[in-house]
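# Report on the structure
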Amino acid sequence: MTKEKLLNLNKSEIQKQIMKIKKEKNCFIMAHNYIDVEIQEIADYVGDSLHMALEAAKSDADLFLTCSIKIMGEAVKILNPDKKVLMAHKDADCRLANMKDPSFLNKLKAEHPEAEIVCYVNSPAALKAESTITCTSANCIKIVEAIPDNKEIIFVPDCNIGRWVEYKTGRKLILPDSFCYVHDRVSIEEAFEVKKQYPDYTLLVHPECNLEVCKFADVVCSTSQMIDFVAKNDKAIIGTELGLFKQLQARYPGKNIVYLSSEMVCEDMKKNSLENVLTALISEEYEVNLEESIIHRTKESLDRMFEIVR
Ligand code: CIZ
Ligand code: SF4
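Just so we're clear, the structure is a prediction, and the values are computed from it rather than from any experiment.

This brings us to the sheet that holds strand E1 (residues 27-32). Read across the open sheet, the 4 strands follow the order E2-E1-E3-E4; overall the sheet is parallel. Looking along the sheet, the strands with just one partner apiece sit at the ends: strand E2 (45-47) and strand E4 (84-87). With direction set aside, neighbouring strand axes in the sheet form an average angle of 20 degrees. As paired strands, E1 and E2 are joined by 3 bridges and run parallel to one another. For Ala31, the partnering residue across the bridge sits in E2 and is Val46. This element, helix H15 (residues 274-283), spans E1, strand E3 (63-67) and E4 of the sheet and lies at about 155 degrees to E3.

The next subject is the site of ligand 1. The immediate surroundings of ligand 1 are formed by His32, Tyr34, Asp48, Ser49, Met72, Val121, Asn122, Ser137, His206, Ser222 and Thr223. A distance of 2.6 Å separates an oxygen atom of ligand 1 from a polar atom in the side chain of His206. Note that an oxygen atom of ligand 1 is positioned 2.5 Å from one of the side-chain N or O atoms of Thr223. Protein coverage of the free-state accessible area of ligand 1, which is 270 Å², stands at 97%. Here the shell around ligand 1 is built from residues that sort into 3 nonpolar, 7 polar and 1 charged.

Once that is clear, we can look at unusual backbone geometry. The omega torsion across Val156 and Pro157 is -10 degrees, close enough to zero to call that bond cis. Among the structural elements, Pro157 can be located in the loop between strand E7 (153-156) and helix H9 (159-169). Backbone geometry at Lys235 places phi at a positive 60 degrees, although glycine is not the residue there. The topology assignment puts Lys235 in the loop between helix H13 (223-232) and strand E10 (236-239).

If you check the domain split of the protein chain, you get domain 1 (3-92 + 270-289), domain 2 (96-181) and domain 3 (186-263). Placing the centre of domain 1 and that of domain 3 at their C-alpha centroids yields a distance of 27 Å. Facing 7 residues of domain 1, the contacting portion of domain 3 comprises 11 residues. Buried area between domain 1 and domain 3, both sides added, is near 760 Å², and the carbon and sulfur share of it is 47%. The largest share of the area that domain 1 buries against domain 3 comes from Asn33, Tyr34 and Val37, three residues that together contribute 65% of it. Taken together, the links from domain 1 to domain 3 amount to 1 salt bridge. For Glu241, the salt bridge identified is with Lys270, shortest N-O distance 2.9 Å. For the pair domain 1 and domain 3, the interface holds 5 residue pairs in polar contact (both at pLDDT 80 or more).

So, how was this worked out
Residues numbered from 1 in each chain as written. Chains lettered and ligands numbered in written order. Predicted model: local features only at pLDDT ≥ 70, side-chain atom pairs only at ≥ 80, totals over all residues. Heavy atoms only, no water. Pairing = 2+ DSSP bridges. Helix = DSSP H or I, 4+ residues; strand = E, 2+ residues; numbered from the N terminus. Axes fitted to C-alpha atoms, helices over the stretch in contact; angles between N-to-C directions. Contact = heavy atoms within 4.5 Å. Near = heavy atom within 4 Å. Polar contact = N/O pair within 3.5 Å; in protein donor to acceptor, adjacent residues only side chain to side chain. Areas by Shrake-Rupley, 256 points an atom, 1.4 Å probe, with all protein chains shown as cover. Nonpolar A, V, L, I, M, F, W, Y, C, P; charged D, E, K, R; others polar. Domains from an automatic or database assignment. Buried area = accessible area lost by both parts, 1.4 Å probe. Salt bridge = Lys/Arg side-chain N within 4 Å of Asp/Glu carboxyl O.

Below you can see the structure in the form of C-alpha cells.
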C-alpha cells in the first residue's frame, strides 16, 4: 500500500497499520502524558519525559519513536545514545524550553561563577549540558534541598517552578523570566471559581502554574503524581495540559474528575497525530541527533540527579 493510500484510512485502520509496521520494524513507541489518547492507545509506553527515556533504555527494540516534543526526544537519545530515536513530528517543540536562547545562562554563570545550576528536565539538551544537576517536576524540591545552604543556586528555565521551590524550601534562587504559556495562563480567579463549583474535589496543579495558583491548590505535583492520585482517589480537578485529563477520563471512566481550564492546551504536543506517527514509522524521518559532548555533559547532570533520587 502506498503512503498516500495509508493516510486515507480511518482512525482504527491507521492504528492497525501502525501496530503492524511497529512489529515488523521492532519499534518501541513512546507517548507523553499530554498526547491524544488515540496515539497513547498504540504506544508501548505512556508517561512523563524522564520515564519515557528510562523505559526506552530497558527495551531491546531496534527503533524508538517519540510522540511528544523535540526536547523529550533529546532526553530519550541522551539515555539511549546508541539507538535510533525518531520524532513523530518534525518541529513539535516546547515553547518554555525555547523562550530564551541557551546562551542566556552564560551571563548568569559569569555573575555567579560558584553557583550550582539546577536545570528542569523540560529544557533543550544544550541548556542541560551547561547545568550541574537536572530536576523534574516531581523531585525539584528534593534536589534543591540536597544542595548545601551556603551554595548559590541558578534554577532554569521555568521561573514558576523556581518560585514554587523557593516558597517550599525557603531558599533564594536565581531565576530567568521564562515560563510555560499553557500553565502560566491559568489565573487565581479561575482556580477559585472551579474550586467553588467543586468544593469537595482535590485541586491538583502542576508547578509550572504561577505561584498564586500553586499556593491556592490542594496538591502541587507532576503528571505522574496526578495519575497516581486519581488511581487511588476520587473527585479531582486536573490542573495541567488537557491531554492528561483526557487520558485519565479514558483510563478511569467511573471517576469524578474535571479539568481546571479548557485553555490548557499545548499547541506543540497537539501537532502529533496518528497520521504523523504512521508517516514517521514508514519513512524513519526526523531522527534525533546530538553532539557527543552534549550527550556526555547532559548525562553527567542527569546522573547527579539519579544519585539523589531515582
Ligand atoms: O516531565 C514531564 O514530562 C512534564 C512536562 C511534566 C510532568 O510533570 O511530568
Ligand atoms: Fe512546554 Fe508548556 Fe507545552 Fe509542556 S505544556 S511542552 S512546558 S509549552
